[in-house]
Amino acid sequence: MIIGITGGIGSGKSVIAQQLRKMGYEVYDTDSQAKRLVVEDAHVREQITALFGEEVYKDGVYQTALVAQKVFADKSLLAQLNAIVHPAVKADIGNWVSEPSDSPKGDPTSDSEAIRQHSDLLFIECAILFQAGFDVLCDKVVAVTAPEDIRLERVIARDHS
């Protein structure tokens, strides 16, 4: 069973994901995996370069600030970027679900085969689960919520630490 974990910024998704990992469950973090794919996936890199130009990978390093500046100035660019990254992440989730993890063997809390034999539970952490269309990969979805003032405090504390 695949369970999606979603919610707004500062709601507590990552804390729940950390606790699940401590309990031995696998959690696919869409944010970190999207960042990995933008750098490592050749097809994604080609498409992003075609969209933004060669300067987007200066010396092989993805220029996040440059991309952010461009997509905030032109929402159609954001939609085009999402149309590149979201399908790549969706495909990567499919690969992740169907293959054993890269975790060291012999550690029953990290070995995906051991986890799947005992629980058959996998989790996907994603703030934009529905917007990105990843909800179709999930059997269940958990929405994490918190009052706005608490969420704001958490984000400020996180970003200033």
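What comes next concerns the included structure. (Residues numbered from 1 in each chain as written. Predicted model: local features only at pLDDT ≥ 70, side-chain atom pairs only at ≥ 80, totals over all residues. Heavy atoms only, no water.)

We now examine the overall build of the protein. In terms of helices and strands, the protein carries seven helices and six strands. When the helices and strands of the protein are read in sequence order from the N terminus, they spell out β-α-β-α-α-β-β-α-α-α-β-β-α. By the burial criterion, 37% of the 161 residues in the protein qualify as buried. Considering only contacts within the protein whose residues lie at least 6 apart along the sequence, 68% involve residues at least 24 apart. As displayed, the protein has an accessible area near 9,600 Å², and 56% of this comes from carbon and sulfur atoms. (Helix = DSSP H or I, 4+ residues; strand = E, 2+ residues; numbered from the N terminus. Buried < 20%, exposed > 50% of the residue type's maximum accessible area, 1.4 Å probe, protein only. Contact = heavy atoms within 4.5 Å. Areas by Shrake-Rupley, 256 points an atom, 1.4 Å probe, with all protein chains shown as cover.)

Right, let's get into the nonpolar core. Judged by nonpolar contacts, the single largest core of 28 residues is most densely connected at Ile48, Phe52, Tyr62, Leu81, Val89 and Ile124. Contributions of two or more residues to this core are made by helix 2 (30–40), helix 3 (42–52), helix 4 (64–73), helix 5 (75–98) and strand 5 (122–125). Looking at this core, the element that brings in the most residues is helix 5, giving eight residues. The contact partners of Ile124, leaving out residues within four places of it in the chain, are Ile2, Ile3, Gly4, Ile5, Tyr28, Thr30, Ile93, Trp96, Leu129 and Cys138. In terms of nonpolar packing, the next biggest core, distinct from the first, is built from seven residues, Ile5, Ala17, Leu20 and Val144 among them. (Core = buried A, V, L, I, M, F, W, Y, C linked by side-chain atoms within 4.5 Å.)

Our focus in this paragraph is unusual backbone geometry. Of note, the phi angle at Asp59 is positive, near 55 degrees, even though the residue is not glycine. Note that Asp59 resides in the loop between strand 3 (57–58) and strand 4 (61–62). We classify Asp59 as exposed; its relative accessible area is 75%.

This brings us to helix 5. An α-helical segment advances 3.6 residues per turn. Residues three or four places apart therefore align on the same side. With 24 residues, helix 5 should reach 34 Å at 1.5 Å per residue; the first-to-last C-alpha distance of 34 Å fits that figure. What helix 5 keeps buried is the set Leu77, Leu81, Ile84, Val85, His86, Ala88, Val89, Asp92, Ile93 and Trp96. (Expected span 1.5 Å × (residues − 1).)

This part is about the packing of aromatic side chains. All chains considered together, the criterion is met by three aromatic pairs. Centre to centre, the rings of Tyr25 and Phe123 are 5.6 Å apart; their planes meet at 80 degrees, and the pair counts as edge-to-face. Linking Tyr25 in the loop between helix 1 (13–22) and strand 2 (26–29) with Phe123 in strand 5, this pair joins segments that are 98 residues apart in sequence. Overall, Tyr25 belongs to the partly exposed group, its relative accessible area being 21%. (Phe/Tyr/Trp six-rings, centres within 6.5 Å; stacked < 30°, edge-to-face > 60°.)

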